[in-house]
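# Structural overview for review
Letter by letter, the chains look like this.
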Amino acid sequence: MAKSFLSIERLTQQFPDGQGGTLTVFENASFGIEKGEFVCILGHSGCGKSTIMNILAGLAEPTSGVVKMDGFEVSGPSLDRGVVFQNYSLLPWLSALKNVTFGVRARYPDWSKSKVEDHAREYLAMVGLDGDVVHRKPSQLSGGMRQRVSIARAFANHPKLLLLDEPFGALDALTRGTIQDELLKIWSGTEQTVFMITHDIDEAILLADRILLMTNGPFARVAESVEITIPRPRNRTEIIEHPNYYAIRNHLVQFLGTRSKELAGKKSDEADNRPETVRIDKTATAPAEADPEPAARLRAVND
Amino acid sequence: MLDNLSVNQRAALLSVVMLVVGLLFWETAIPAQKAAAELTEYERLTGGGAPKAGVPPPSQVIAKAWEQLSNPFYDAGPNDKGIGIQIGYSIYRVLTGYILAAMVAIPLGFLIGMSQVAYKAFNPFIQVLRPISPLAWMPLALFVIQDSEASAIFVIFICSIWPMLLNTAFGVAGVREDWVNVARTHELGSFRTAFTVILPAAAPTIITGMRISIGIAWLVIVAAEMLVGGTGIGYYVWNEWNNLDLTSVIFSILMIGVVGMLLDAAFGVLQRAVAYAE
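For chain A, an unreviewed UniProt entry supplies the name ATP-binding cassette domain-containing protein and the organism Kangsaoukella pontilimi. UniProt's Sequence similarities (unreviewed entry) comment on chain A is quoted here verbatim: "Belongs to the ABC transporter superfamily." Taken from UniProt, the Subcellular location (unreviewed entry) comment for chain A reads in full: "Cell membrane".

Structure below.
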């Protein structure tokens, strides 16, 4: 397999279980992400998604295994890997603008003050924040606006990899939709590589090129990598008309509903737990037939 | 009529009423000195005609305050200095001891707040030293330092260090992990993290500690100056007691209160400046 832009190799995370033993959250997880790709990871709580995210961000150390980005091993946090946290993580004593310039200044220390500010304003404008709003403190902003600031801060830094940890988890459904659209808009303009955790299947289908599915923990693993065969640009009202939409959605629901449990808790015997690639495409003609039917594949996995 | 006033106006009105009633009550409660002519011969022979020391009525205190405050900085020898000079000495001692304490307590508090090991190592010492009445240090300070002025400053130092130290440590230890992670993902060095993230995040707690400290320092300076003597508002109170000039004693007590209030208010302003809402 060709080396991916981001490659996660045999990542294992164990924690002490409080009774002298160890609890293996996931074991030998391996997968790759290509440059410019938007990848979502779906799985139930406790399967270790956030742990994987923290390891990719460099905020946590895996028990074993390596993460390589651009061929270099990742160790510790870096400006090359931007993070948008679920709880926004804005500094409450700084205004929205200052929160963004805080990041830009760290990224480009030799830029002049006005250049830093212009750059920050440009990215705030991209998420729909301009005018006097940018001088407000986070406590004076709504949850959606705070998350916009957080997204602007991450994109303004041009990280090589952008990590989104359930960025819309705390937002109401309508705000969530608007910000998803904004995220898509900025993302398509920047060719940013994105890795995102989510609980929301529809959100994942709308945003992602590929969805990684995790089984339940302990001994969770990244079981499948589902390609989203819906062409871009996508629009939330149009994609549901696409023939692949419900096929993919049903596959995901089925995985999360039943198979994630069935596959859980099994200690793997394979050394390298690469996810199986699943491609569901009802529009394609010749190549699709070469692919096994999803149903047939499911049986194979269950055996 | 009262319905038209705001809450603040009503409160101010009530304060004024309480003040006037209190002063009137005080004024009338003080028995007038008997004139010499009204005394019996026996009373005159036993010195009853000399003015008796007594709690002065507020009118006398106000007259004294007017006299003192209209010329606060006169200096007529060691035992006769204006109230401004005395308060100036006290403030100088408090601020010197306090700033020295802040210079030790805030960096040390940062260390203790950031490191579990440092916290556990320092904690027993802090717990033993903290409850010691600052004046208990005075004899030792006088002997070791051999200078009453510096000893008073030392006492201020030792009493104001604890609230600042503990609050700084508490504030720093309580900085949200998320904000530290923001600093980490932005590759800030430990110095810049301390100044741009941890310090502003912990500032409200630190300032609260500093505010408690300045209050304690101002309480302690009066007692310390009564002991070391020479100058200062504490010495002034004691000196006027020795002179049996209760008018001056009451006046200086009020001045201690006013200065204490101003110091606290200054920190209140500072506290509002660094406060943030999450």
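That covers the picture; the talk isn't over yet.
## With respect to the overall build of chain B
Looking only at helices and strands, chain B features 11 helices and 0 strands. Starting at the N terminus and walking to the C terminus, you meet the elements of chain B as α-α-α-α-α-α-α-α-α-α-α. Against the globule reference of 19 Å for 278 residues, chain B gives a C-alpha radius of gyration of 25 Å, more extended than a compact globule. Across the 278 residues in chain B, those meeting the buried criterion constitute 38%.

## Here we look at the sheet that holds strand β1 (residues 6-16) of chain A
Residue and element names in this part refer to chain A. Read across the sheet, 4 strands follow the order β2-β1-β4-β5 without closing on themselves; strand pairing throughout is antiparallel. Two strands in the sheet have a free side with no partner beyond their single neighbour: β2 (22-33) and β5 (72-73). Of the strand pairs in this sheet, β1 and β2 are connected by 8 bridges, and their pairing is antiparallel. Counted as the bridge partner of L11 is A29 from β2.

## With respect to a positive patch on the surface
Positive charge collects at one region of the surface, where A:K98, A:R105, A:K113, A:K137 and B:R192 lie side by side. In this structure, A:R105 sits in helix α2 (residues 96-107).

## A look at the interface of chain B and chain A
Note on interface size: it is often stated as the accessible area lost on association of the parts. Between chain B and chain A, the residue contacts involve 18 residues of the former and 21 residues of the latter. Summed over both sides, the interface between chain B and chain A buries roughly 1,800 Å², with carbon and sulfur atoms accounting for 65% of that surface. Across the chain B-chain A interface, the total number found is 4 residue pairs in polar contact (both at pLDDT 80 or more). Listed by contribution, the elements that provide at least two residues to the side of chain B that touches chain A are α8 (177-185) and α9 (190-228) of chain B. Tallying contributions element by element places α8(B) first for the side of chain B that touches chain A, with 6 residues.

## Quick notes on the sheet that holds strand β10 (residues 222-227) of chain A
Residues and elements named next belong to chain A. Spatial ordering of the open sheet is given by β6-β7-β8-β3-β9-β10-β11, a layout of 7 strands whose pairing is mixed. Each edge of the open sheet carries a strand with a single partner, namely β6 (81-84) and β11 (276-279). Each strand of the sheet is rotated relative to its neighbour by a mean of 20°, with strand direction disregarded. Along the sheet, helix α4 (residues 143-156) makes contact with β6 and β7 (161-165), crossing β6 at roughly 180°. The strands that helix α8 (residues 243-262) touches are β3 (38-42), β9 (210-214), β10 and β11; relative to β10, the one it contacts most, it runs at about 170°.

## Quick word on the nonpolar core
Generally speaking, a soluble globular protein has its nonpolar side chains buried in company with each other. Within the largest apolar cluster, 96 residues are counted, with the highest numbers of intra-cluster contacts made by A:L6 and A:F195. For this core, the element with the highest residue contribution is α9(B), accounting for 16 residues. If sequence neighbours within four positions are ignored, A:L6 has contacts with A:F31, A:G32, A:I33, A:L56, A:V67, A:K68, A:M69 and A:L161. The next biggest cluster of nonpolar side chains, apart from the first, holds 59 residues, and it includes A:C40, A:L90, A:L184 and A:I248.

## Quick notes on the UniProt feature "domain: ABC transporter" (unreviewed entry) in chain A
If you check UniProt for "domain: ABC transporter" (unreviewed entry), the listed places come out as residues 6-241 of chain A in our numbering. Here residues 6-241 of chain A runs as 33% helix and 26% strand, with 33 Å between its end C-alpha atoms.

## Let's talk about unusual backbone geometry
Residues and elements named next belong to chain A. Of note, the amide linkage connecting R232 to P233 takes the cis form, showing an omega dihedral of -5°. Positive phi is not limited to glycine here, since Y88 has a value of about 70°. Within the secondary structure layout, Y88 lies in the loop between β6 and α2. At E166, a position not held by glycine, the phi torsion is positive, near 40°. Here E166 is to be found in the loop between β7 and α5 (173-190). Residue E166 is classed as buried on the basis of its relative accessible area, which comes to 13%.

## Focus: the pattern of salt bridges
Under the counting rule described, the total for this entry stands at 22 salt bridges over all chains. A salt bridge links A:R279 to A:D281, with the shortest nitrogen-to-oxygen separation between them at 3.4 Å. Of the residues examined, A:D281 reaches a relative accessible area of 16% and is grouped as buried. With a closest N to O distance of 2.6 Å, B:E225 and B:R93 form a salt bridge.

## Some thoughts on the domain arrangement of chain B
All names here are of chain B. By the assigned domains, chain B splits into domain 1 (1-52) and domain 2 (57-274). Placing a centre on the C-alpha atoms of domain 1 and another on those of domain 2 gives a separation of 35 Å. Buried area between domain 1 and domain 2, summed over both chains or domains, comes out near 420 Å², and the portion from carbon and sulfur atoms is 78%. Summed over the shared surface of domain 1 and domain 2, the result is 0 salt bridges. Counting across the domain 1 and domain 2 interface gives 1 residue pair in polar contact (both at pLDDT 80 or more). Classifying every residue of the side of domain 1 that touches domain 2 gives 3 nonpolar, no polar and 1 charged.

Conventions used here
- Residues numbered from 1 in each chain as written.
- Chains lettered and ligands numbered in written order.
- Predicted model: local features only at pLDDT ≥ 70, side-chain atom pairs only at ≥ 80, totals over all residues.
- Heavy atoms only, no water.
- UniProt positions renumbered as here; feature names shortened; annotations may be inferred.
- Helix = DSSP H or I, 4+ residues; strand = E, 2+ residues; numbered from the N terminus.
- Rg over C-alpha atoms; globule rule 2.2 N^0.38 Å.
- Buried < 20%, exposed > 50% of the residue type's maximum accessible area, 1.4 Å probe, protein only.
- Pairing = 2+ DSSP bridges.
- Patch = residues over 30% accessible without salt bridge, like charges linked within 9 Å, V, L, I, M, F, W, Y side chains within 5 Å.
- Areas by Shrake-Rupley, 256 points an atom, 1.4 Å probe, with all protein chains shown as cover.
- Salt bridge = Lys/Arg side-chain N within 4 Å of Asp/Glu carboxyl O.
- Lys, Arg positive; Asp, Glu negative; His and termini not counted.
- Charge placed at Lys NZ, Arg CZ, Asp CG, Glu CD.
- Contact = heavy atoms within 4.5 Å.
- Buried area = accessible area lost by both parts, 1.4 Å probe.
- Polar contact = N/O pair within 3.5 Å; in protein donor to acceptor, adjacent residues only side chain to side chain.
- Axes fitted to C-alpha atoms, helices over the stretch in contact; angles between N-to-C directions.
- Core = buried A, V, L, I, M, F, W, Y, C linked by side-chain atoms within 4.5 Å.
- Domains from an automatic or database assignment.
- Nonpolar A, V, L, I, M, F, W, Y, C, P; charged D, E, K, R; others polar.

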